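Geometric and topological summary
The residues making up each chain are set out below.
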Amino acid sequence: MAIVLVMIFLIPNLSTLSSASSAVGLDDFESLPGDDLGLAGADLSPSKELVIAFGRDSNVIVFSAYDPSDFIETPSIGNSSLNDASFHPSGNSALIVGDNGTVLRYSHLDNSLTDAGVKNLSGSDLLSVSWSSSGSWAYIGSSKGEIWRVRASGDGGAEAHLLEGLAGQSPVTSIDCISESIICVASTTFNGIVIIQRDHSLNWIGGSSTPWSDMECLDSGNSCVAISSNILGTIRVNSSNPEKSTITGVEIIGLGGILTTLAYHSENRFLISLTPFGVVEHDLEKNATFPWLENSDVVNENIQLSGERVVSTWSLNENRGWILTDRGNLVSFYTTDIIVENSIVSSILSIAVLLAILGFVVTIMMSIFGWGKDPSSIRVGKKSRASHSRRKR
C-alpha cells in the first residue's frame, strides 16, 4: 500500500511513512450482549483492567479489558445517544455524556449507573468529556462549542461552570488531559485546538483550517495527536507558557480509508482506526505512520466484521489488545513479531531435541561396539594377558 504525505501546515519535518502488509494478526472473536448495539466508543480505566462502552439508547456496558466475555449490563437511564466517557483518575468511577445534556455516572464500587445530577446542561448535545489529571474537575464539550467544568457538589448533585474565552459554536469533538502538567487540550470542528490551563483559562493555538474529529495525548509528556478525515496533527504543549503551544500537521494520501478514532498504544505510539475497518500506527517520536491492519486481511479473517465500524481499540501490552466495533463485536490482535519469535524459539528447541536424541543414540552405539576406544590400548591389553599366562606356566 503506497502512502504519501502532503504538507498542510508550516512544519519543520514531514512525517515518514512506510508501506507494508498488516503488522498484526487476528485471533479471538467475541460479542457483547445484544444485537447491533450502535456503540459510539469506549474508554479504558487507568488500571487498564476495565472498559466502559457506550452508544445509542443510553446503552452502557462494562467489561474486562482482558476478557470481554466477562461483562456487566447496566440499566438504561433515558434513551439518549451517549457520545463519550472518561474514567476518574482513581478508576473508581466514570462520567458518560450524551445528547440532550445527558451526564451519567458509573461507580465501579457497586457497579451502579446513575444520573450525575448536572442540571444546567440540558438542551446541549454533549460530545466529549475528560477528567483533569488531579481529578478535581471534569471538562465537558458540547456541539454548540461550549466547554464546561463539572464536579460533584456537597448536596449530592453537581456544579457546572461555563468556561470563558470560547471561540464560537464549533463542536468540541474531543478533550484529553495531560497527566504531568494539569493541562487539558480540546479539539473542535472549525475553531482549531485549544489549551485549557489549570486555572480554566483558554489559549487557542491554531489549526482552525482543519475539521478535527478526535484527539489523544500521551500518558506522559507534553504531546498530543489530532486527526481529521485524512489529516494527522501533532500538538506540542508548552506547559510553562501554554499560549506558545503549537499544532502542525500533514495530509496522508493513499490510506485506503478515513481516519476516525485515536487510542494510545504504548510508549510514543498511537493506534488510529479507519473506515472501512482498518488500523494504522503512528509513532510520535519517529514522526512516522505505518500500515498496521489492512482491511483486506480483515476480510480474509471475517467478512462480516470487515464491514463494521471500529469505535475503539485498546492495548493490553505492546503485542496484544482488542478492537471493538459499533455493533458490539470484538476481535483480539497480536503482533506478527510474536509469531516470528515463537517460530525461531520452536526451531531452536526442535534442533536441540534432535541433537540430544542423536547424542544419546551415538553414546549407546559407542558403548555396544566399543567405538571411540584407542586401538593400541586394546592390543597392549592382549599382550599383557598372554605374557602373564606364559609366566604362570
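Here we summarise the structure given alongside this text. (Residues numbered from 1 in each chain as written. Predicted model: local features only at pLDDT ≥ 70, side-chain atom pairs only at ≥ 80, totals over all residues. Heavy atoms only, no water.)

1. Re the state of the cysteines
Evaluated as defined, the whole model comprises 2 disulfides. The disulfide partner of C177 is C184, and the S-S distance across this bridge is 2.0 Å. Because the torsion about its S-S bond is 95°, the bridge between C177 and C184 counts as right-handed. Here C177 matches C184 in class, with each residue buried. Residue pairing for C217: its cysteine sulfur links by disulfide to C224, the two sulfurs lying 2.1 Å apart. Here the disulfide of C217 and C224 is right-handed, its torsion about the S-S bond being about 90°. Residue classification places C224 among the buried residues on the basis of a relative accessible area of 0%. (Disulfide = S-S within 2.5 Å. Buried < 20%, exposed > 50% of the residue type's maximum accessible area, 1.4 Å probe, protein only.)

2. Some thoughts on the nonpolar core
If you look at the biggest cluster of nonpolar residues, it comprises 15 residues, and the most contacted ones within it are V185, I193, M215, C224, I235 and V237. When contributions to this core are tallied by element, the ones reaching two or more residues are β16 (183-188), β17 (193-196), β19 (214-217), β20 (223-227) and β21 (231-236). When residues no more than four places from it in sequence are discounted, the contact partners of I235 are V185, I193, I205, M215, N222, S223, C224, A226, T246 and I247. (Core = buried A, V, L, I, M, F, W, Y, C linked by side-chain atoms within 4.5 Å. Helix = DSSP H or I, 4+ residues; strand = E, 2+ residues; numbered from the N terminus. Contact = heavy atoms within 4.5 Å.)

3. Considering the pattern of salt bridges
For the structure on display, the rule yields 7 salt bridges. Across the salt bridge formed by D27 and R320, the nearest N and O atoms sit 3.3 Å from each other. Linking D27 in strand β2 (residues 24-31) with R320 in strand β28 (residues 320-325), this pair joins segments that are 293 residues apart in sequence. A salt bridge links E281 to R269, with the nearest nitrogen and oxygen atoms 2.9 Å apart. Residue E281 is found in strand β25 (residues 278-283), and its partner R269 is found in strand β24 (residues 269-275); the two are separated by 12 residues along the sequence. Pair check on accessibility: E281 and R269 agree, each one buried. Among the charged side chains, a salt-bridge network with shared partners connects D36, R56, E308 and R327. (Salt bridge = Lys/Arg side-chain N within 4 Å of Asp/Glu carboxyl O.)

4. A few points about the sheet that holds strand β26 (residues 288-293)
If you walk across this open sheet you meet the 4 strands as β23-β24-β25-β26, and the pairing is antiparallel. The open sheet has two edge strands with one neighbour each: β23 (258-266) and β26. The mean angle between the axes of side-by-side strands here comes to 30°, regardless of whether they run parallel or antiparallel. Pairing geometry for β25 and β26, over 5 bridges, is antiparallel. If you follow V280 over to β26, its bridge partner there is P291. (Pairing = 2+ DSSP bridges. Axes fitted to C-alpha atoms, helices over the stretch in contact; angles between N-to-C directions.)

5. Topic: the packing of aromatic side chains
The tally for this structure, following the rule as stated, stands at 3 aromatic pairs. Taking 5.8 Å as the distance between ring centres and 50° as the angle between the ring planes, the aromatic pair formed by F63 and W314 counts as tilted. With F63 in strand β5 (residues 60-64) and W314 in strand β27 (residues 310-315), this pair connects stretches of sequence that are 251 residues apart. Each member of the pair F63 and W314 is classed as buried. Over the aromatic face of W137 sits the side chain of R149, whose NZ or CZ is 4.6 Å from the ring centroid. (Phe/Tyr/Trp six-rings, centres within 6.5 Å; stacked < 30°, edge-to-face > 60°. Lys NZ or Arg CZ within 6 Å of the ring centre and 35° of its normal.)

6. Brief notes about the sheet that holds strand β15 (residues 172-178)
As summarised here, the arrangement of the 4 strands in space is β15-β16-β17-β18, forming an open sheet in which the pairing is antiparallel. Every other strand in the sheet has two partners, leaving β15 and β18 (202-206) as the edge strands with one partner each. Strand-to-strand twist across the sheet, computed as the mean angle between neighbouring axes with direction ignored, equals 25°. Judged from the 4 bridges that link them, β17 and β18 form a sheet pairing that is antiparallel. By the bridge assignment for β18, V194 is matched with W204.

7. Here's the deal with the pairing of β5
Among the 5 residues in β5, 5 count as buried, and that is most of the element. The pairing of strand β4 (residues 50-55) with β5 spans 5 bridges and is antiparallel. Each bridged residue has a counterpart across the sheet, and for V51 the counterpart in β5 is F63. Between β4 and β5, which pair antiparallel and follow one another directly, the connecting turn spans 4 residues, one of which, D57, has a positive phi of 55°. As defined by bridge partners, β5 adjoins strand β6 (residues 71-73) across 3 bridges and the pair is classed as antiparallel. Counted as the bridge partner of V62 is I72 from β6. Adjacent in sequence and paired antiparallel, β5 and β6 are bridged by 6 residues.

8. With respect to the environment of S128
Topologically, S128 is positioned in strand β11 (residues 126-131). On the accessibility criterion, S128 (0% relative accessible area) is buried. Residue contacts for S128: discarding those within four places in its chain leaves D84, V97, Y139, I140, G141, V172, T173, S174 and I175. Engagement of the side chain of S128 in a polar contact is seen with the backbone oxygen of V172, the distance being 2.9 Å. (Polar contact = N/O pair within 3.5 Å; in protein donor to acceptor, adjacent residues only side chain to side chain.)

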